[in-house]
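Residue strings, one per chain:
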Amino acid sequence: FKQTLSTLDSAIELLARDAMRCLALVTGPEEDPNMVAYSCAVLVHTSIGSTSRQNVSRAYNPDSERLDIRDFFSALDVSFNNPAERNQKVSELFEKANCLLPPTWRFLAVCLCPTGEILLSSVAVSAPNDSRSHLKTEVACVFQRDKNLEVYKE
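**Quick notes on the layout of surface pockets**
Empty space within the largest pocket amounts to approximately 470 Å³. Lining the largest pocket we find 18 residues, and of these His45, Arg53, Leu76, Leu93 and Phe107 sit closest to its centre. Those elements giving two or more residues to the lining of the largest pocket turn out to be α3 (40–46), α4 (50–59), α5 (67–74), α6 (83–100) and β1 (106–112). Counted by class, the lining of the largest pocket contains 14 nonpolar, 3 polar and 1 charged residues. The volume enclosed by the second largest pocket comes to roughly 240 Å³. If you tally residues by element for the lining of the second largest pocket, the top one is α6, at 4 residues. Taken together, the residues of the lining of the second largest pocket sort by class into 4 nonpolar, 5 polar and 4 charged.

**Comments concerning helix α2 (residues 14–27)**
Working note: α-helix, 3.6 residues per turn, so residues spaced by three or four point in the same direction. With 14 residues, α2 extends 20 Å from end C-alpha to end C-alpha; this agrees with the ideal 20 Å at 1.5 Å per step. Every buried residue of α2 is accounted for by Ala16, Ala19, Met20, Arg21, Cys22, Leu23 and Ala24. Buried-residue contacts for α2 involve α1 (2–7), α3, β1 and β2 (118–125).

**Some points on the environment of Glu31**
Structurally, the position occupied by Glu31 is in the loop between α2 and α3. With a relative accessible area of 42%, Glu31 lands in the partly exposed category. Placed 106 residues apart in sequence, Glu31 and Thr137 show a C-alpha to C-alpha distance of 9.2 Å. Those residues in contact with Glu31, other than ones at most four positions away along the chain, are Ser39 and Thr137.

**Let's talk about the nonpolar core**
Grouped together as the largest cluster of nonpolar side chains are 29 residues, with contacts concentrated most on Leu5, Val44, Val90, Phe94 and Leu135. The set of elements that each furnish at least two residues to this core consists of α2, α3, α6, β1 and β2. Ranked by the residues each element gives to this core, the list is headed by α2, at 5 residues. Contacts of Leu135, omitting those with residues within four sequence positions, involve Phe94, Ala97, Asn98, Leu101, Val123, Ala124 and Val125.

**Some words on the pattern of salt bridges**
Enumeration according to the criterion identifies 2 salt bridges in this entry. Notably, a salt bridge pairs Glu138 with Arg106, separated by 3.3 Å at the nearest N-O pair. Taken together, the residues span a long stretch of sequence, with Glu138 in strand β3 (residues 135–142) and Arg106 in strand β1 at a distance of 32 residues.

**Thoughts on the pairing of β1**
Across 7 bridges, β1 lies against β2 in antiparallel orientation. The residue bridging Val110 from the neighbouring strand is Leu120, located in β2. With antiparallel pairing between neighbouring strands as the criterion, β1 and β2 make up a hairpin whose turn holds 5 residues, including Gly116 at a positive phi of roughly 105 degrees.

**Side note on the sheet that holds β3**
Here 3 strands make up an open sheet; going across it, the order is β1-β2-β3 and the pairing antiparallel. Where the open sheet ends on each side, the last strands, each with one partner, are β1 and β3. Direction aside, the axes of adjacent strands within the sheet are offset by 15 degrees on average. Against the sheet, α2 touches β1, β2 and β3, its axis set at about 80 degrees to β2.

Conventions and cut-offs
Residue numbers restart at each chain and count upward from 1, following the sequence in its written direction. Owing to the predicted nature of the model, reporting of local features is limited to residues with pLDDT of at least 70; listing and counting of side-chain atom pairs is limited to 80 or more, with chain, interface and lining totals taken over all residues. Only hydrogens and water are set aside; all other atoms, that is, all heavy atoms of the structure, feed into the side-chain values. Cavity means a closed set of points on a 1 Å grid over the protein atoms alone, one where a 1.4 Å probe fits but cannot get out, pocket means an open set with protein on both sides within 12 Å along at least 5 of 7 lines, and lining means a residue has an atom within 4 Å of a point. Grid points are joined across faces, edges and corners, and a volume is the space filled by probe spheres set on the points. Only DSSP runs of H or I covering at least 4 residues are called helices, and only runs of E covering at least 2 are called strands; the numbering of each starts at the N terminus. Charged means Asp, Glu, Lys or Arg here, nonpolar means Ala, Val, Leu, Ile, Met, Phe, Trp, Tyr, Cys or Pro, and polar covers whatever is left, Gly included. Here the expected span of a helix is defined as 1.5 Å times the quantity of residues minus one. Only protein chains enter the accessibility calculation, which uses a 1.4 Å probe; a residue is then buried when its area is under 20% of its type maximum, exposed when over 50%, and partly exposed in between. Any two residues whose heavy atoms approach within 4.5 Å at even a single point are treated as in contact. Nonpolar cores were defined as sets of buried Ala, Val, Leu, Ile, Met, Phe, Trp, Tyr and Cys residues, with membership established by side-chain atoms within 4.5 Å. We count a salt bridge whenever a side-chain nitrogen from Lys or Arg sits within 4 Å of a carboxyl oxygen from Asp or Glu. Note: two strands are recorded as paired if DSSP finds a minimum of 2 bridges between them. Here an axis means a line fitted to C-alpha atoms, over the contact stretch when the element is a helix, while the angle between two N-to-C directions is reported on a 0 to 180 degree scale.

Take a look at the structure:
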């Protein structure tokens, strides 16, 4: 799935969204702190809302004083062709968001995988009153019900 993503231009493409969701599904909830951009939670959040993020990002021209806002909204849409750059931009997004987000906010994303599973992801500030706070992610998967399973009866 990573190979597929590296050949696609944008998260707007249906194939890219499906590949991200499949990669998130097989990645699972464990996170590698060195590759935040490829965590299940980030892949789920990247797979939805790309058009809106890109529209906000394009609204700020390169001469604008608010390039930080443009960069904030475009971080999840950095190409998969360059994993190091994508990881750096997503890590910067998490650092900025940790400083900017109100402590009670939680971002939730729900997506349907091409294989029928539902992935749920949330991003929130870990310990709002702690100077060492960071963004915490949580993910859950709702698997399809197997229609062939019968209830055991005695």
